[in-house]
Amino acid sequence: MFTAIFGSFEAGIIYAIMALGVYLSFRILDFPDLTVDGSFVTGAAISAVMIAGGTNPFLATVIALFAGFAAGCLTGLLHTFGKINNLLSGILMMIALYSINLRIMGRSNIPLLNTDTAFTKISDIFEKSGIDSFFNGILTAVGLGDSLPETWGILIFMVIVTFIIKILTDLFLRTEIGLAIRATGDNKRMIRSLSANTNLLVVLGLGLSNALVAFSGALIAQQGGFADVGMGIGMIVIGLASVIIGEALFGTKTIARATLAVIGGSIIYRIVVTLALRVEFLDPGDMKLITAVIVIIALTAPKIIEGSKEKKRKARRKMEKMNGIQAKGDHHAAIKSDS
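Each value, and the rule that gives it
- Residues numbered from 1 in each chain as written.
- Predicted model: local features only at pLDDT ≥ 70, side-chain atom pairs only at ≥ 80, totals over all residues.
- Heavy atoms only, no water.
- Helix = DSSP H or I, 4+ residues; strand = E, 2+ residues; numbered from the N terminus.
- Buried < 20%, exposed > 50% of the residue type's maximum accessible area, 1.4 Å probe, protein only.
- Contact = heavy atoms within 4.5 Å.
- Areas by Shrake-Rupley, 256 points an atom, 1.4 Å probe, with all protein chains shown as cover.
- Lys, Arg positive; Asp, Glu negative; His and termini not counted.
- Charge placed at Lys NZ, Arg CZ, Asp CG, Glu CD.
- Salt bridge = Lys/Arg side-chain N within 4 Å of Asp/Glu carboxyl O.
- Core = buried A, V, L, I, M, F, W, Y, C linked by side-chain atoms within 4.5 Å.
- Phe/Tyr/Trp six-rings, centres within 6.5 Å; stacked < 30°, edge-to-face > 60°.
- Lys NZ or Arg CZ within 6 Å of the ring centre and 35° of its normal.
- Patch = residues over 30% accessible without salt bridge, like charges linked within 9 Å, V, L, I, M, F, W, Y side chains within 5 Å.
- Axes fitted to C-alpha atoms, helices over the stretch in contact; angles between N-to-C directions.
- Left-handed = near helix turned anticlockwise from the far one by under 90°.
- Nonpolar A, V, L, I, M, F, W, Y, C, P; charged D, E, K, R; others polar.

Participant: Sorry if this is basic, but what is going on with the overall build of the protein chain here?
Facilitator: For the protein chain, the helix and strand inventory stands at 13 helices and two strands. Its C-alpha atoms put the protein chain at 105 × 60 × 40 Å along the principal axes. When the 339 residues of the protein chain are sorted by exposure, 44% land in the buried category. Restricting to contacts in the protein chain with at least 6 residues of sequence separation, those with at least 24 account for 77%. Of the roughly 17,500 Å² of accessible surface on the protein chain, a fraction of 66% belongs to carbon and sulfur atoms. In the protein chain, the 29 positive side-chain charges and the 23 negative ones have mean positions that sit 13 Å from each other.

Participant: Is there a simple way to think about the pattern of salt bridges in this case?
Facilitator: Two side chains bearing opposite charge may form a pair once their charged atoms approach each other closely. Summed over the entire model, instances satisfying the criterion amount to four salt bridges. Of the charged contacts, one joins R27 and E247 as a salt bridge, the two residues approaching to 2.6 Å between their closest N and O atoms. With R27 in helix α1 (residues 2-28) and E247 in helix α11 (residues 235-250), the pair connects residues that are 220 residues apart, well separated along the chain. You can call E247 buried: its relative accessible area is 17%. In this structure, K166 and D170 form a salt bridge, with 2.6 Å as the shortest nitrogen-oxygen distance. Taken together, the positions of K166 and D170, both in helix α7 (residues 153-172) and four residues apart, correspond to about one turn of that helix. The exposure class of K166 is buried, given its relative accessible area of 7%.

Participant: Where do I start with the nonpolar core in this structure?
Facilitator: Buried together is how nonpolar side chains tend to be arranged in soluble globular proteins. The biggest cluster of nonpolar side chains holds 76 residues, and the ones touching the most others in it are I17, M18, F40 and M158. Each residue touching I17, except ones within four places of it in the same chain, is listed here: M158, V161, T162, I165, L212, F215, S216 and L219.

Participant: Even after reading the chapter, I still don't get unusual backbone geometry, so can you show me in this structure?
Facilitator: What you tend to see is this: most non-glycine residues have negative phi, and most peptide bonds are trans. One non-glycine residue with positive phi stands out, namely D30, at about 55 degrees. Among the structural elements, D30 can be located in the loop between α1 and α2 (36-52). Residue classification places D30 among the exposed residues on the basis of a relative accessible area of 52%. In this structure, K83 takes a positive phi of about 60 degrees despite not being glycine. Within the secondary structure, K83 sits in the loop between α3 (57-80) and α4 (86-105).

Participant: Sorry, what's going on with the packing of aromatic side chains here?
Facilitator: Each aromatic ring pair is characterised by the separation of its centres together with the angle its planes make. As enumerated under the stated definition, the model contains two aromatic pairs in all. With centroids separated by 5.0 Å and ring planes inclined at 75 degrees, the aromatic side chains of F6 and W152 adopt a geometry described as edge-to-face. Taken together, the residues span a long stretch of sequence, with F6 in helix α1 and W152 in the loop between α6 (131-141) and α7 at a distance of 146 residues. Across the pair, W152 and F6 agree in class, each one buried. Judged by centre distance (6.0 Å) and plane angle (5 degrees), the rings of Y15 and F40 are stacked. One end of the pair, Y15, is in helix α1; the other, F40, is in helix α2, and 25 residues separate them in sequence. Over the face of the ring belonging to Y15 we find R270, whose NZ or CZ atom lies 4.0 Å from the ring centre.

Participant: Got a minute to help me understand a nonpolar patch on the surface in this structure?
Facilitator: Residues I160, I164, I167, L168 and L171 make up a contiguous nonpolar surface patch of roughly 480 Å² in combined accessible area. Using a relative accessible area of 49% as the deciding quantity, one classes I160 as partly exposed.

Participant: Mind showing me how you'd approach the packing of α3 against helix α10 (residues 198-224) here?
Facilitator: Relative placement of two packed helices is described by the angle separating their axes and the distance separating the axes. One can describe the packing of α3 onto α10 by two numbers: an axis separation of 6 Å at closest approach and a directional angle of 145 degrees. In the crossing of α3 with α10, the sense of the turn from one axis to the other is right-handed. In the contact of α3 with α10, the residues fall into 16 nonpolar, eleven polar and no charged.

Participant: Teacher, can you tell me more about the environment of G225 here?
Facilitator: Locating G225 in the fold gives a position in the loop between α10 and β2 (226-228). Residue classification places G225 among the buried residues on the basis of a relative accessible area of 7%. Distance in space between the C-alpha atoms of G225 and A48 is 8.9 Å, their sequence separation being 177 residues. The contacts of G225, once residues within four sequence positions are left out, are I110, P111, L112 and L113.

Distances and angles like these do not, on their own, reveal function.
This is the structure:
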């Protein structure tokens, strides 16, 4: 059980980068960007092809990030300058990226199992430094010696990377450009009246969003040991599930809290899916169904809870009002009896 939870936490912190990208487009820009399903694979495809060709894996991952930025910008250009509906522009780019990704990969699947990736290098560093032995020693001491993870390096490294990206995102959204992007998502007409170039802001916002998505795709390919042309199917739903779950559980009072909620939502989503797949009558093919159920629950539960609270508040106010009327009647009756 511990190994399964550990693996889901590790995957969740990597997917959290993708969820942050979805948060930028879905919440900040108010743009339902389906490019995510394609740009995720673009990041995985470029990194896999370059790593298999002998390129430094860290360099390949950074190049994948810039490829995702380009894909997002193209979606923005289709919407702003091509005057195509925002949902349709994302769908068109997603479809185009499927063929582009096949061109990049040359085939539908590229294995990376016997190749040095960023994670194999990090794992080697942690193993040689004795950090893995230290943490595994602690687990053995508390009675978890039968379920030791292969390495702690990936988890620790990704926690650091993800929180650096989170902090940079928070800082960017507080800059003048970041505030303008937030304002564009809230009220495009208002920010345009202040002489802001909303078209450029939309293009930039979508570029940054898909850059994070492609970066996450590159890391997932290296973690899983392969890149597949179909690995991005339903990725937008997973990203939205992470955002919605995080917002429902942790709130969104500030940008810093909202981005932290997205990371927490991504981790919780992965843990829930892992636990659900351990149920006997479910199998890996049911993962999309589980995702849909989780999103439905995350969307409906807060409304049901709020509705229940509102009913209780109305009942309490009604009771207080009735008690007040009764007290007033008793008071008048007492006055009459005294007279």
